[in-house]
Amino acid sequence: MKIAIQGCCHGALDTIYSSIADLEAKNNFRVDLLLICGDFQAIRNERDLQCMAVPEKYKQLGGFYKYYIGEKTAPILTLIIGGNHEASNYFWELFHGGWVAPNIYFLGYAGSVLVNGIRIAGASGIFKGYNFNKGYFERQPYSKDDLRSIYHIRESAIRQLSLLPPSSPSSTTILLSHDWPLNITSYASPSNLNQLLRKKPYFKQEVSEGRLGSPPLMGLFQVLRPRWWFSAHLHVGFDVRVWWEEAPARDNQAEMGQERSNKAEEKVANPDEIVIDDDEIESVPAQASTLTSVLTSNSQSSPSTAAPMPVATSSLPPPYAKPNPDEIILDDLDGDVAFDVAVPPPPLLPASESVNPLSESGWYTQFVALDKCLPQRKFLEVIDVDTPEFPSTSSSSTLAQPIPPPSSSSPTSSPETATFSTSQPILTFDPYWLAITRAFHSNISFTHKQKPFPDEATAREMVSKELAWVKENIEGEGKLRVQDVQQFARTAPGPEIISDGGVGGKGSRGGGRGGGERWVQPPAYSNPQTEAFCRMLMVSNFVNQGA
């Protein structure tokens, strides 16, 4: 099965599908599946724009609405996750996952599905320490702070994902995230790292101090060890292979972790990132927070009274780059007032669970970060994956060169004229994820205070019990086709039928400010797909309670 992976989308679906069509024509292959690593921007109409955390100048409809209203159809099965610039109201409707448009499936705030038997899991959003251990407290209409906090990943999502079966040399798991795992750059060779820093010199301080990326995602990286991990967010192409071997001595682990945890935290900006204006910065004060304290605290003030699950940052090698004393410190990527997380010390892992980044033996995880959709950028990659139902001719081949802009004169530059596989991949639910969802359902919190989590042993027992329920009560032992339960349904109007006098004040979609209703947040909608998902699992529908 050939799989294409895209970095940030930013509403450029037409360009992405056209680029894939050009690649198919030039290389004589067919892409079966497209994965998109966040900032998808599923904007259905102008009111959805009011639920996206970007400055006014970036509030543009983009091209997604054409797929939503049926004007176009995605030519490839497309799986997506959320980033930090999304129509959060729409994604909230599909908290557990669902079709945002025909043939385009959102994995949810966290989720896992099977495509031709291959597990594809995703973690939406980005990490902010001061919201990590809170519940999903945001409700429409969103405040300025809520517009940003709603895309901050929560501890509950990380804990649930950590309970998926880990990958192995004989299995293939693909994991998508918007953020990069913390300090993933330390696994790169000097030449690879220098190439990254030549493209993004303002990353130098964070890289040299081991602060670039998300701590909980590095925890997942170490625990799940997927065959492939794809990320976006930082708008640059980067890849590294991480080989799995025996662990270093425990004393060395503790020493390395203590040294790293004592480093000061500062913020560095990416000038290619969307910058939130000063008067739109979150008013919530940034607080120092460590993932270790989140997962191990037994104090009454902490919601996480359980023993830690193995999702904290594990032992990392020292980075290659050295700090640059002349580096200018800028605002961080998300526009917050202060950097909000201190790098935690690593937990002590069993002797068999760690990584030697310089060795090339055993088996490995291939980490690939992709750029946004621009000419001469590495925003798209194509890999081959062998699957039980859809055998492939090779197990892993990647396209690592920058993708040229699609030619307007090419007959394959339009999705409607592209030649795609006649055999649609089979998208099914992941029985393990269904079991995890049932097991953790009562632990999901909708206030600022997160409910206590069970300890790891108890959690795994719960999942094992629910897995037996899933296999007994859901068709195909839980490997039920998604389309047999969830069918796409439009819940909000498209831009052409907003009730205040047509589309756009200047006679084009989004072309002017129009009437007042278009520029206020929409009501909350109840999505039939979420209702159907909850009925299948026989759990309450907490997502659409107020809709």
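Scroll up to find the structure.
Residues numbered from 1 in each chain as written. Predicted model: local features only at pLDDT ≥ 70, side-chain atom pairs only at ≥ 80, totals over all residues. Heavy atoms only, no water.

### Description of the overall build of the protein
And then number 1: Looking only at helices and strands, the protein has 15 helices and 14 strands in total.
And then number 2: Counting every position in the protein, which comprises 547 residues, the buried fraction comes to 61%.
And then number 3: Taking contacts inside the protein between residues at least 6 apart in sequence as the whole, the part at least 24 apart equals 81%.
And then number 4: Within the structure as shown, the protein displays about 20,500 Å² of accessible surface, and the carbon and sulfur contribution to it stands at 50%. (Helix = DSSP H or I, 4+ residues; strand = E, 2+ residues; numbered from the N terminus. Buried < 20%, exposed > 50% of the residue type's maximum accessible area, 1.4 Å probe, protein only. Contact = heavy atoms within 4.5 Å. Areas by Shrake-Rupley, 256 points an atom, 1.4 Å probe, with all protein chains shown as cover.)

### Topic: the sheet that holds strand E13 (residues 380-384)
And then number 1: Spatially, the six strands line up as an open sheet ordered E4-E5-E3-E2-E1-E13, and their pairing is mixed. Unpaired on one side and paired on the other, strand E4 (98-101) and E13 mark the two borders of the sheet. The average undirected angle you get between the axes of adjacent strands in this sheet is 25 degrees.
And then number 2: Pairing geometry for strand E2 (residues 33-36) and strand E3 (residues 77-80), over four bridges, is parallel. Within the sheet, the bridge partner assigned to Leu35 lies in E3 and is Leu79. (Pairing = 2+ DSSP bridges. Axes fitted to C-alpha atoms, helices over the stretch in contact; angles between N-to-C directions.)

### A look at the packing of helix H7 (residues 155-162) against helix H10 (residues 215-224)
In helix packing, the relevant descriptors are the interaxial angle and the interaxial distance, both defined with respect to the helix axes.
And then number 1: Interaxial distance between H7 and H10 falls to 10 Å at its minimum, and their mutual angle equals 10 degrees. The angle between H7 and H10 places the two elements in the roughly parallel class. Across the interface between the two elements, Ile158, Leu161 and Ser162 of H7 pack against Pro216, Leu217, Leu220, Val223 and Leu224 of H10. (Parallel < 35°, antiparallel > 145°, perpendicular 65-115°, else oblique.)

### Focus on the side chain of Glu138
And then number 1: In this fold, Glu138 is placed in the loop between helix H5 (129-132) and helix H6 (144-149).
And then number 2: A polar contact is formed between the side chain of Glu138 and the backbone nitrogen of Ile150, at a distance of 3.3 Å.
And then number 3: A distance of 2.7 Å separates the side chain of Glu138 from the side chain of Arg154, its partner in a polar contact. (Polar contact = N/O pair within 3.5 Å; in protein donor to acceptor, adjacent residues only side chain to side chain.)

### Structural notes on H7
And then number 1: Burial analysis of H7 places eight of its eight residues in the buried class, which makes it a mostly covered element.
And then number 2: Within the span of H7, buried status applies to Glu155, Ser156, Ala157, Ile158, Arg159, Gln160, Leu161 and Ser162.

### Details of the side chain of Ser162
And then number 1: Considering the arrangement of structural elements, one finds Ser162 in helix H7.
And then number 2: Residue classification places Ser162 among the buried residues on the basis of a relative accessible area of 1%.
And then number 3: Looking at Ser162, its side chain comes within polar contact range of the main-chain oxygen of Arg159, at 2.7 Å.

### Some remarks on the nonpolar core
And then number 1: Core analysis: the biggest nonpolar cluster contains 144 residues, and Phe40, Val100, Ile104, Ile120, Ile174, Trp180 and Phe230 have the highest contact counts within it.
And then number 2: Those residues in contact with Val100 that lie beyond four places of it in its chain are Phe40, Phe64, Tyr68, Ile80, Tyr90, Phe91, Leu94, Phe106 and Phe488. (Core = buried A, V, L, I, M, F, W, Y, C linked by side-chain atoms within 4.5 Å.)

### A short note on the pattern of salt bridges
And then number 1: With the rule as written, the count across this model stands at 15 salt bridges.
And then number 2: Asp239 is the partner of Lys378 in a salt bridge, and the nearest nitrogen-oxygen pair spans 3.0 Å. Taken together, the residues span a long stretch of sequence, with Lys378 in the loop between strand E12 (363-369) and E13 and Asp239 in strand E10 (residues 238-245) at a distance of 139 residues.
And then number 3: With relative accessibility at 28%, the residue Asp239 sits in the partly exposed group.
And then number 4: Where salt bridges share partners, they join Asp14, Lys66 and Lys72 into one cluster. (Salt bridge = Lys/Arg side-chain N within 4 Å of Asp/Glu carboxyl O.)

### Examining helix H15 (residues 528-537)
And then number 1: Here H15 lies mainly inside the structure; seven of its 10 residues are buried.
And then number 2: Among the residues making up H15, those that are buried are Gln529, Thr530, Ala532, Phe533, Cys534, Met536 and Leu537.
And then number 3: Turning to H15, the residues buried within the fold contact helix H4 (88-93), E4, strand E14 (427-429), helix H13 (431-440) and helix H14 (456-473).
And then number 4: Of the residues that open H15, the one with a side-chain oxygen 3.0 Å from the backbone nitrogen of Gln529 is Asn527.
And then number 5: Backbone geometry just downstream of H15 places Met538 in the positive-phi region, at approximately 55 degrees.

### Some details on unusual backbone geometry
A negative phi angle is the norm for most residues apart from glycine, just as the trans form is the norm for most peptide bonds.
And then number 1: Here the amide bond leading from Gln140 into Pro141 is cis, since omega sits at -5 degrees, within 30 degrees of zero.
And then number 2: Turning to its location among the elements, Pro141 is positioned in the loop between H5 and H6.
And then number 3: With a phi close to 55 degrees, His235 is a non-glycine residue in the positive phi region.
And then number 4: Tracing the backbone shows His235 in the loop between strand E9 (228-231) and E10.
And then number 5: Backbone geometry places Met538, a non-glycine residue, at a positive phi of 55 degrees.
And then number 6: On the secondary structure map, Met538 appears in the segment after H15.
And then number 7: Since its relative accessible area comes to 63%, Met538 is described here as exposed.

### Considering the pairing of strand E7 (residues 118-123)
And then number 1: Extensive coverage of E7 is indicated by the burial of six of its six residues.
And then number 2: Residues Ile118, Ile120 and Gly122 point to one face of E7 and Arg119, Ala121 and Ala123 to the other, with burial holding for every one of them.
And then number 3: Of the pairings in the sheet, the one linking strand E6 (residues 110-115) to E7 comprises six bridges and is antiparallel in character. In the sheet register, Val115 faces E7, and the bridge partner there is Ile118.
And then number 4: Hairpin remark: E6 followed by E7, antiparallel, with two residues in the connecting loop; positive phi at Asn116, about 50 degrees.
And then number 5: The pairing of E7 with strand E8 (residues 173-177) spans five bridges and is parallel. Bridging across to E8, Ala123 finds its partner in Ser177.

### Considerations on the packing of aromatic side chains
And then number 1: In the structure shown here, the tally under the stated rule is 28 aromatic pairs.
And then number 2: Taken together, a centroid distance of 5.5 Å and an interplanar angle of 90 degrees make the contact between Tyr202 and Phe203 edge-to-face.
And then number 3: Judged by its relative accessible area of 14%, Tyr202 is buried.
And then number 4: Between the aromatic rings of Phe440 and Phe453, the centroid separation amounts to 6.2 Å while the plane-to-plane angle is 35 degrees, which identifies the pairing as tilted. (Phe/Tyr/Trp six-rings, centres within 6.5 Å; stacked < 30°, edge-to-face > 60°.)

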